[in-house]
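# Chains, contacts and geometry: an overview
What follows is the residue order along each chain.
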Amino acid sequence: MPAVSATACGKLILLGEHAVVYDSPAIAIPITSLRVRAVVEPLIGEVQGTIRVKAEPLGIDHNLTELGKDHFLANALGLLFSTLGLLQTPTCRITITSELPIAAGLGSSAAYAVALLRAMSAFLGHSLNLQELNTLAFQSEQSVHGRPSGIDNTVITYEKPIFYQRGAMIEFLQPIREFVFVIADSGIRKSTRESTSQLAADLKADPQRYQPHLDAIADLVKQSKRSFQIGDLDALGSAINANQEHLSALRLSCPELDGLVSVAREAGALGAKLTGGGKGGHMLALVTPETEAAVAQALQSAGSPRVFSTRLYPGE
Ligand code: MEV
């Protein structure tokens, strides 16, 4: 079998993270410039069925059996092998590299799973269609996050902007104008499981205090679908700002993210908020081509260790 290589992109949640876990809609776009790559190649001279896995960003360089079957990569492979009805695992080497930081709100766990499933299924001669891939990636996400909404694996599998609500048909959005986002790292790493568990506990302890913020986020997302599609930057920027205030009230921001959000707004961003699990990770700023450089510069000067832009083109 020849070596096979496959990739998967990152993602940005524009509006609605966390509320989407409680069955509200959310809007997400792919970050196609940052990718996870998985290469699967034959392994010569090893016991039949041996799978070597090397994923430097995760500190992994083991036989698959040493990884433990609960590890999300082992889980993704196990799901694939049983879906394909494989009786004997292939003898191969898997190498995974990534431009996406882990636990940083950009969808790394779903991207690892999608890239790996794509490469391994092609290596086995059974390439998955997008729906099959999305289903397996979602199951793999369940082993990472507990109760994921499914938005990360969906936007990463399809690589298109989506209006996503658990249990509903995926709606692909086609904005009619270009969007530019500046994205900045807070430098803090937090697992999504940690932030979703905290919110679940808060909601249980004090629903009257927290539920209204989730409801308000759901309303913002519904109102913003049209603003996104018609490219109403001012309306979208205001919704992004309002979403950030609700996420803060839900205790999902942190001083470092709050600082970067203020800096971006002061430098001319139309809207700025955390993106993804929160309590660390990245923030996004909606900018124009005219304000992009000033916002990026301000975020760098404010101490963000990594600032970059992503663009969404009409009809993408
Ligand atoms: C994580 O990227 C987004 C969350 O809403 C979790 C999820 O949707 O599964 C925080």
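A tally of helices and strands in the protein yields ten helices and eleven strands. Relative to its length of 316 residues, the protein is compact, with a C-alpha radius of gyration of 20 Å against a globular reference of 20 Å. If one aligns the C-alpha atoms of the protein with their principal axes, the spans along those axes are about 60 × 45 × 35 Å. Evaluated residue by residue, the protein yields a buried proportion of 53% over its 316 residues. Taking as baseline every contact in the protein between residues at least 6 positions apart, the subset at least 24 positions apart corresponds to 74%. When the accessible surface of the protein is summed, it comes to about 13000 Å², and 51% of that surface belongs to carbon and sulfur atoms. Of the side chains in the protein, 26 bear a positive and 30 a negative charge, and the two mean positions are spaced by 3 Å.

This brings us to the packing of aromatic side chains. For the structure shown, the criterion picks out four aromatic pairs. Arranged with centres 6.1 Å apart and planes meeting at 20 degrees, the rings of F179 and F181 form a pair that is stacked. Comparing F179 with F181, the two get one shared label, buried. Above the face of the F163 ring, K225 is positioned so that its terminal group lies 4.4 Å from the ring centre.

A few words now on the pattern of salt bridges. Following the criterion strictly, the structure yields 13 salt bridges and no others. For E171, the salt bridge is made with K225, and the minimal N-O distance between the two is 2.7 Å. Placement of the pair is E171 in strand β7 (residues 171-172) and K225 in helix α7 (residues 207-230), with a sequence separation of 54 residues. According to the relative accessible area criterion, E171 is partly exposed, its value standing at 33%. Salt-bridge contacts for E178 lead to R311; the nearest nitrogen and oxygen are separated by 3.0 Å. Here the residue E178 occupies a position in the loop between β7 and β8 (179-185), and R311 occupies one in strand β11 (residues 307-312), the gap between them amounting to 133 residues. Classification of E178 as partly exposed rests on a relative accessible area of 29%. A relative accessible area of 27% places R311 in the partly exposed class.

Glancing now at the site of the ligand. Inspection of the region around the ligand gives 13 residues, with K11, H18, P148, S149 and D152 positioned closest. Note that an oxygen atom of the ligand is positioned 2.6 Å from one of the side-chain N or O atoms of S149. Here an oxygen atom of the ligand sits 2.9 Å away from a polar atom, N or O, in the side chain of D152. About the coverage of the ligand: the protein hides 97% of its 300 Å² of free accessible area. Residue assignment for the shell around the ligand shows that the elements contributing at least two residues are β1 (4-15) and α5 (151-158). Class assignment of the residues belonging to the shell around the ligand gives a composition of five nonpolar, five polar and three charged. Residues from two domains meet in the shell around the ligand; each of domain 1 (4-171) and domain 2 (175-312) gives at least three.

Let's shift gears to the domain arrangement of the protein. Split into domains, the protein comes out as domain 1 (4-171) and domain 2 (175-312). A separation of 25 Å is found between the C-alpha centroids of domain 1 and domain 2. Counting residues at the interface gives 33 residues for domain 1 and 40 residues for domain 2. On the surface where domain 1 and domain 2 come into contact, there are two salt bridges. The interface formed by domain 1 and domain 2 includes 13 residue pairs in polar contact (both at pLDDT 80 or more). Broken down by secondary-structure element, the contributors of at least two residues to the side of domain 1 that touches domain 2 are β1, β2 (26-42) and α4 (130-145). Of the residues in the side of domain 1 that touches domain 2, the class split is 21 nonpolar, eight polar and four charged.

Reading the values: the criteria
Residues numbered from 1 in each chain as written. Predicted model: local features only at pLDDT ≥ 70, side-chain atom pairs only at ≥ 80, totals over all residues. Heavy atoms only, no water. Helix = DSSP H or I, 4+ residues; strand = E, 2+ residues; numbered from the N terminus. Rg over C-alpha atoms; globule rule 2.2 N^0.38 Å. Buried < 20%, exposed > 50% of the residue type's maximum accessible area, 1.4 Å probe, protein only. Contact = heavy atoms within 4.5 Å. Areas by Shrake-Rupley, 256 points an atom, 1.4 Å probe, with all protein chains shown as cover. Lys, Arg positive; Asp, Glu negative; His and termini not counted. Charge placed at Lys NZ, Arg CZ, Asp CG, Glu CD. Phe/Tyr/Trp six-rings, centres within 6.5 Å; stacked < 30°, edge-to-face > 60°. Lys NZ or Arg CZ within 6 Å of the ring centre and 35° of its normal. Salt bridge = Lys/Arg side-chain N within 4 Å of Asp/Glu carboxyl O. Near = heavy atom within 4 Å. Polar contact = N/O pair within 3.5 Å; in protein donor to acceptor, adjacent residues only side chain to side chain. Nonpolar A, V, L, I, M, F, W, Y, C, P; charged D, E, K, R; others polar. Domains from an automatic or database assignment.

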